[in-house]
Amino acid sequence: MQIWGKILGFLFGFMLSKTLFGALLGLWLGHSFDKAKGLNFNRKSGFGDVGRQAEFFTNTFSVMGYVAKANGQVSSHEIAFATAYMNKLGLTGEMRQQAQDAFKEGKSSEFPLEDKLRHLKSICASRNDLLLIFLEIQIQVAFADGELDNEERIALHNIARLLGFSAHDLDKLLEMIIAGAQFNQGAHAGRPGFNSKTQLENAYKVLGVDENSSEKEIKKAYRKLMSQHHPDKLIAKGLPPEMMESAKQKTQDIQAAYEMIAKK
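Remember, predicted model here, so these are calculated numbers, not experimental data.

Right, let's get into the overall build of the chain. Summing up its helical and strand segments, the chain has 13 helices and zero strands in all. What you see in the chain, going N to C, is helices and strands ordered as α-α-α-α-α-α-α-α-α-α-α-α-α. Expressed as a percentage of its 264 residues, the buried residues of the chain come to 45%. Put simply, of all contacts in the chain between residues at least 6 apart along the chain, 69% involve residues at least 24 apart. Accessible surface computed for the chain: about 14,000 Å², of which carbon and sulfur atoms make up 54%.

To continue, consider the packing of aromatic side chains. Scanning the entire structure with this criterion turns up four aromatic pairs. Here Phe57 and Phe61 contribute two aromatic rings whose centre-to-centre distance is 5.3 Å and whose plane-to-plane angle is 55 degrees, an arrangement assigned as tilted. Placement of the pair is Phe57 and Phe61 together in helix α3 (residues 48-68), with a separation of four residues, close to one helical turn. The class for Phe57 is buried, based on a relative accessible area of 0%.

Turning next to the environment of Ile79. Locating Ile79 in the fold gives a position in helix α4 (residues 76-88). Sequence-wise, Ile79 and Ala144 are 65 residues apart; in three dimensions their C-alpha atoms are separated by 8.8 Å.

Moving on, we get to the pattern of salt bridges. Tallied over the full model, the rule gives three salt bridges. With a closest N to O distance of 3.0 Å, Glu114 and Arg118 form a salt bridge. One end of the pair is Glu114 and the other is Arg118, both in helix α6 (residues 113-124) and four residues apart, which spans about a single turn. Judged by its relative accessible area of 36%, Glu114 falls in the partly exposed class. For Arg118, a relative accessible area of 47% translates into the label partly exposed. One salt bridge connects Arg153 with Asp171, and the closest N-O pair in it is separated by 4.0 Å. Highlighted residues: Arg153 in helix α8 (residues 150-163) and Asp171 in helix α9 (residues 167-189), separated in sequence by 18 residues. The exposure class of Asp171 is partly exposed, given its relative accessible area of 37%.

Turning our attention to the packing of α6 against α8. Helices that pack against each other are described as a pair by the angle of their axes relative to one another and the distance between those axes. At a closest axis distance of 9 Å, the pairing of α6 and α8 adopts a crossing angle of 40 degrees. The orientation of α6 relative to α8 falls into the category oblique. Crossing handedness for the pair α6 and α8: right-handed. In this structure, α6 uses Leu113, Glu114, Leu117, Arg118, Leu120 and Lys121 to contact α8, whose residues at the interface are Asn158, Ile159, Arg161, Leu162 and Leu163. Grouping the amino acids of the contact of α6 with α8 by side-chain chemistry returns six nonpolar, one polar and four charged.

Positionally, His119 belongs in helix α6. Looking at His119, its side chain comes within polar contact range of the side chain of Glu55, at 3.5 Å.

The subject of this paragraph is the nonpolar core. Generally speaking, soluble globular proteins have nonpolar side chains that are buried together. Residues Phe61, Met64, Leu117, Leu120, Leu135 and Leu163 are the most contacted members of the largest nonpolar core, which totals 47 residues. Secondary-structure elements contributing two or more residues to this core are α3, α4, α5 (93-106), α6, α7 (128-142), α8 and α9. Broken down by element, this core gets its largest block of residues, ten residues, from α7.

This next bit is on the layout of surface pockets. Unfilled space is identified by rolling a water-sized probe across the atoms. Reported here for the second largest pocket is a volume of approximately 460 Å³. Lining of the second largest pocket is provided by 20 residues; of these, Lys172, Met176, Lys224, Leu225 and Gln228 occupy positions nearest its centre. Looking at the lining of the second largest pocket, the elements with two or more residues in it are α7, α9 and α11 (215-229). Broken down by element, the lining of the second largest pocket gets its largest block of residues, six residues, from α9.

Here we come to the environment of Glu211. Along the chain, the position of Glu211 falls in the loop between α10 (197-206) and α11. Taking the C-alpha atoms as reference, Glu211 lies 7.7 Å from Glu201; in sequence the two are ten residues apart.

Our focus in this paragraph is a negative patch on the surface. A grouping of Glu201, Asp210, Glu211 and Glu217 is seen on the molecular surface, where their side chains present a negatively charged patch. Residue class for Asp210 comes out partly exposed when judged on its relative accessible area of 40%.

Mean pLDDT for the chain: 76, with 73% of residues reaching 70 or above. Under a pLDDT of 50 for its full length, residues 31-47 has, in the predicted model, 28 contacts with residues more than four places off or in other chains.

Here is what the cut-offs are and how they apply
- Throughout this description, residue numbers start from 1 for each chain and increase along the sequence as written.
- pLDDT decides what is reported in this predicted model: residues at 70 or higher carry local features, side-chain atom pairs at 80 or more are listed and counted, and totals for whole chains, interfaces and linings draw on all residues regardless.
- Side-chain figures throughout are based on the complete set of non-hydrogen atoms in the structure, without hydrogens or water.
- Every helix listed is a DSSP run of H or I at least four residues long, and every strand listed is a run of E at least two residues long, numbered separately from the N terminus.
- Exposed residues in this analysis have more than 50% of their type's maximum accessible area, buried residues have under 20%, and partly exposed residues fall in between, with area computed by a 1.4 Å probe over protein chains only.
- Any pair of residues with heavy atoms lying within 4.5 Å of one another is described as a contacting pair.
- With residues, only the protein chains shown are counted as cover, and all accessible areas are computed by Shrake-Rupley using a 1.4 Å probe.
- By convention, a stacked pair of Phe, Tyr or Trp rings (six-membered ring in the case of Trp) has centres within 6.5 Å and planes under 30 degrees apart, an edge-to-face pair has planes over 60 apart, and any other such pair is tilted.
- Salt bridges are defined as contacts in which a side-chain nitrogen from Lys or Arg sits within 4 Å of a carboxyl oxygen from Asp or Glu.
- Here an axis means a line fitted to C-alpha atoms, over the contact stretch when the element is a helix, while the angle between two N-to-C directions is reported on a 0 to 180 degree scale.
- Angle categories: roughly parallel below 35 degrees, roughly antiparallel above 145, roughly perpendicular from 65 to 115, and oblique for all the rest.
- Left-handed is the label given to a crossing in which the near helix is rotated counterclockwise from the far helix by less than a right angle, and right-handed is the label when the rotation is clockwise.
- Side-chain classes are defined by residue name, with Ala, Val, Leu, Ile, Met, Phe, Trp, Tyr, Cys and Pro counting as nonpolar, Asp, Glu, Lys and Arg as charged, and the others, Gly among them, as polar.
- Distance and chemistry together define a polar contact, namely a pair of N or O atoms within 3.5 Å, with one atom able to donate a hydrogen and the other to accept it when in protein, and with adjacent residues in sequence counting only for side-chain atoms on both sides.
- Think of a nonpolar core as a cluster: buried Ala, Val, Leu, Ile, Met, Phe, Trp, Tyr and Cys residues, connected wherever their side-chain atoms sit within 4.5 Å.
- Cavities and pockets are found on a 1 Å grid laid over the protein atoms alone: a cavity is a set of points where a 1.4 Å probe fits but cannot escape, a pocket is an open set with protein on both sides within 12 Å along at least five of seven lines, and a lining residue has an atom within 4 Å of such a point.
- Grid points are joined across faces, edges and corners, and a volume is the space filled by probe spheres set on the points.
- Patch building starts from residues that exceed 30% relative accessible area and form no salt bridge, then joins like charges within 9 Å and nonpolar side chains (Val, Leu, Ile, Met, Phe, Trp, Tyr) within 5 Å.
- Under this rule, positive means Lys or Arg and negative means Asp or Glu; His and the chain ends count for nothing.
- To locate a charge, take NZ of a lysine, CZ of an arginine, CG of an aspartate or CD of a glutamate.
- pLDDT measures how confident the predictor is about each residue, on a scale from 0 to 100.

Structure (structure tokens):
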């Protein structure tokens, strides 16, 4: 079943007319377009941003399945992460099924990782911010059980390489994401061990700087990260709208870390 023409038709119809009738008319037109063109998230597409969003969406979940299976078996933590991520994105019905099917495909021993990622890189072109978000998501999957084994590390390095990131880039991202998780945990824990020094150390790592960095360097790092993860900019570059919430959460973490450092 094809749905993207329907979704876009409904949204555009509502935005243009501000009425339910207009939205339903857009839905009908989108249905006609889907039927005629056979749009599918799993197929290579040449229809601009919509096609890019589609490829990003399915590849996110298929590679997520690949990472989850990297050490030979998918753990309950990794399944829970994938499920929680789908819930966070508010995926239901057809879209949730497509995400689940993609995750299942990624777990297959015959999953064509190189082909998938080279194609994703080519359609993202110079949009490296999108590829960065993609890699960050895969790192979070690998850390779903709280640790990173050798097979998962190898899988992440392979993914990073295929997307055009160096081993150093990946290691830096690993450090920042681990610190981000700990920073978030500390912000909500309310326990003595999580305020002051530990939180401040994590705040520096979230921004990719250290306590010896100058104010100018810290501000530069902060602005760069905010720009890279700004939801509106990412949507314009091809991030699926359903994934905007993840980008929002990331910018909130970056903002909170910067504010903590500024107040020290």
